[in-house]
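Here's the letter readout for the chains.
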Amino acid sequence: MTRVSRLLPALCLLLLACGSDDGGGSAATPTPVPTATPTPNPLAQACVDAGGTVTTRLCCSGQSDFPSTCGIGACGCSPAASRLLPLCECPDGSCWNGTDCAARGS
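None of these values were measured; they are calculated from a predicted model. (Residues numbered from 1 in each chain as written. Predicted model: local features only at pLDDT ≥ 70, side-chain atom pairs only at ≥ 80, totals over all residues. Heavy atoms only, no water.)

1. Details of helix 2 (residues 42-49)
Working step 1: Among the residues of helix 2, the N-terminal cap falls to Asn41, whose side-chain oxygen and the backbone nitrogen of Leu43 are separated by 2.7 Å.
Working step 2: Within two residues after helix 2, Gly51 carries a phi angle of roughly 95°, on the positive side. (Polar contact = N/O pair within 3.5 Å; in protein donor to acceptor, adjacent residues only side chain to side chain. Helix = DSSP H or I, 4+ residues; strand = E, 2+ residues; numbered from the N terminus.)

Below is the structure:
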């Protein structure tokens, strides 16, 4: 007896057991599961629109998401006083001012 001929009865049983029939001769239609559409963070979108890249970094615990990177201090705390926050990495020569990528020093 070949390997295929030995597996054929098991395959037929599997197909019969897994097949769906509502008794009326037609296959049951699965009910679609609703999926949530993620709402983009407006600051993340503003970062991307300004040419930046959304990343994460340890910043001071008191800071909110997407802190300004134009000044010193938002992400300058010790690791014990920091938490991981989303951050906008702007193109070279610019920094995230809280709403847009801006030239450093402006």
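Having seen the model, we can carry on.
2. Looking at the nonpolar core
Working step 1: Within the largest apolar cluster, seven residues are counted, these being Ala44, Cys47, Phe66, Cys88, Cys90, Trp96 and Cys101.
Working step 2: Setting aside residues up to four positions removed in sequence, Cys90 forms contacts with Gly52, Cys95, Trp96 and Cys101. (Core = buried A, V, L, I, M, F, W, Y, C linked by side-chain atoms within 4.5 Å. Buried < 20%, exposed > 50% of the residue type's maximum accessible area, 1.4 Å probe, protein only. Contact = heavy atoms within 4.5 Å.)

3. Structural notes on the state of the cysteines
Working step 1: Under the criterion given, the structure shown has five disulfides.
Working step 2: Note on cysteine connectivity: Cys47 is disulfide-linked to Cys88, with sulfurs 2.1 Å apart. Disulfide Cys47 to Cys88: torsion about the S-S bond roughly 85°, handedness right-handed. Of this pair, Cys47 sits in helix 2 while Cys88 sits in strand 2 (residues 82-89), and the two are 41 residues apart along the sequence. Comparing Cys47 with Cys88 shows no difference in burial state: the two are buried.
Working step 3: Sulfur-sulfur distance for the disulfide between Cys60 and Cys77 comes to 1.9 Å. Since a negative S-S torsion denotes a left-handed disulfide, the Cys60-Cys77 link at about 100° is right-handed. In this pair, Cys60 sits in strand 1 (residues 53-60) while Cys77 sits in the loop between strand 1 and strand 2, placing the two residues 17 residues apart along the sequence.
Working step 4: Residue Cys77 is classed as partly exposed on the basis of its relative accessible area of 33%.
Working step 5: With its disulfide-bonded cysteines labelled consecutively along the sequence, the protein chain is connected as 1-7, 2-5, 3-6, 4-9, 8-10. (Disulfide = S-S within 2.5 Å.)

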